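Tertiary structure, described
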Amino acid sequence: MSAVLLLRPPGVYPPQGDTALLAACVRREPLDGSSRVLDLCTGTGAVALVAARAGARVTAVDLSARAVATAWFNSRLHHRRVRVRRGDLLAPVAGGSYDLITANPPYVPVRAGSGAAGRGAALAWDAGPDGRLVLDRICREAPGLLAPGGVLLVVQSAVADVRATLVLLRAAGLRAEVAAHRRQEFGPVMTARAALFEQRGLIRPGERAEELVVVRGVLER
């Protein structure tokens, strides 16, 4: 994703390893001009642009007003039509139907008592004590907006319990599996919480790398 020119203002989650992994999975989906795509937690709009380049009709959603403005600007910068909406996950697109839903939600666990969701820039990564504050909602709610044969792609860190994502998506009626993974060194946020992760048994003592995973769920026709 680093080769793509994008506006990345302070306070908006910049494309990183999880963005690149999710984008690579989007490129493997058979998108065309008839495809309806929803990108949740869009940030800069990087993943939405990948789908738009394939000709898909894309809607991008974020809770952050700054992220919404950034995604809108980046879609214009690249001359791609992306419908950008501000709101809480699926609220702005209630009643819609999509062939592909993508999500790069917050998934970093926080210390108990420090507040569930983050504020400011941390809104893009803080996700409650177990890292699943937003992931669980996506797993429960997004399948209801998939068209028959539709696909849900969600990227997360292994510290936020990949198995829980698989279990929830299967309970929602999807055929779910790990579609891609990559290991990368901790960035500043994860490094700052390494001691917390060690204490909870999420990583081994001294470990300073995480496994990023894309889970792919399919609603059978």
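Predicted model, so just to flag it, every value in this text is computed and none were measured.

1. So, the overall build of the chain
Secondary structure summary: the chain contains seven helices and seven strands in total. In the chain, the order of α-helices and β-strands from amino to carboxyl end is α-β-α-β-α-β-β-α-β-α-β-α-α-β. Rg of the C-alpha trace for the chain: 16 Å, near the compact-globule value of 17 Å for 221 residues, within the 12% margin. With the principal axes as the frame, the chain shows a C-alpha extent of 50 × 40 × 30 Å. Looking at the chain residue by residue over its 221 residues, the buried ones come to 52%. Taking the contacts inside the chain whose residues are at least 6 apart along the sequence as the reference set, 71% of them involve residues at least 24 apart.

2. Some remarks on the environment of Val50
Within the secondary structure, Val50 is located in helix α2 (residues 46–53). For Val50, a relative accessible area of 6% corresponds to the buried category. Considering only alpha carbons, one finds Val50 and Asn104, 54 residues apart in sequence, at a separation of 14 Å. Excluding anything up to four places from it in sequence, Val50 contacts Ala23, Val26 and Arg27.

3. Quick look at the sheet that holds strand β4 (residues 98–103)
A sheet is described by the order of its strands in space; here seven strands give the open sequence β3-β2-β1-β4-β5-β7-β6, paired in mixed fashion. Lying at the two open borders of the sheet, with one neighbouring strand each, are β3 (82–86) and β6 (174–185). The mean inter-strand angle of the sheet, taken between neighbouring strand axes irrespective of direction, is 15°. The sheet contact formed by β4 and strand β5 (residues 146–157) spans five bridges and is parallel. Considered in β5, the bridge of Ala103 is made with Val154. Strand contacts of helix α3 (residues 65–77): β2 (57–62) and β3, with the helix running at about 170° to β3, the strand carrying the most contacts.

4. Side note on the pairing of strand β1 (residues 36–40)
Most of β1 is tucked away, with four of its five residues classed as buried. Relative to β2, β1 is paired through five bridges, and the arrangement is parallel. When the sheet's bridge partners are listed, Val37 is paired in β2 with Val58.

5. Section: the environment of Gly128
As for its position among the elements, Gly128 is in the loop between β4 and α4 (135–141). For Gly128, a relative accessible area of 3% gives the class buried. Taking C-alpha positions, Gly128 is 5.5 Å from Val110, a pair spaced 18 residues apart along the chain.

6. Here's the deal with the pattern of salt bridges
Proximity of charged atoms lets side chains of opposite charge pair with each other. Tallying each qualifying case throughout the model produces 11 salt bridges. Where Asp136 meets Arg132, a salt bridge forms, and the shortest distance between an N and an O atom there is 2.7 Å. The same class applies to Asp136 as to Arg132, namely buried. One salt bridge in this structure joins Glu207 and Arg204, with 3.8 Å as the shortest N-O distance. Three or more residues are tied together by salt bridges with common partners; here these are Arg183, Arg204, Glu207 and Glu211.

7. Description of unusual backbone geometry
The backbone of Cys41 sits at a positive phi, close to 55°, despite the residue not being glycine. Along the chain, Cys41 turns up in the loop between β1 and α2. Backbone geometry at His79 places phi at a positive 55°, although glycine is not the residue there. Relative to the elements of secondary structure, His79 occurs in the loop between α3 and β3.

Analysis parameters
Residues numbered from 1 in each chain as written. Predicted model: local features only at pLDDT ≥ 70, side-chain atom pairs only at ≥ 80, totals over all residues. Heavy atoms only, no water. Helix = DSSP H or I, 4+ residues; strand = E, 2+ residues; numbered from the N terminus. Rg over C-alpha atoms; globule rule 2.2 N^0.38 Å. Buried < 20%, exposed > 50% of the residue type's maximum accessible area, 1.4 Å probe, protein only. Contact = heavy atoms within 4.5 Å. Pairing = 2+ DSSP bridges. Axes fitted to C-alpha atoms, helices over the stretch in contact; angles between N-to-C directions. Salt bridge = Lys/Arg side-chain N within 4 Å of Asp/Glu carboxyl O.

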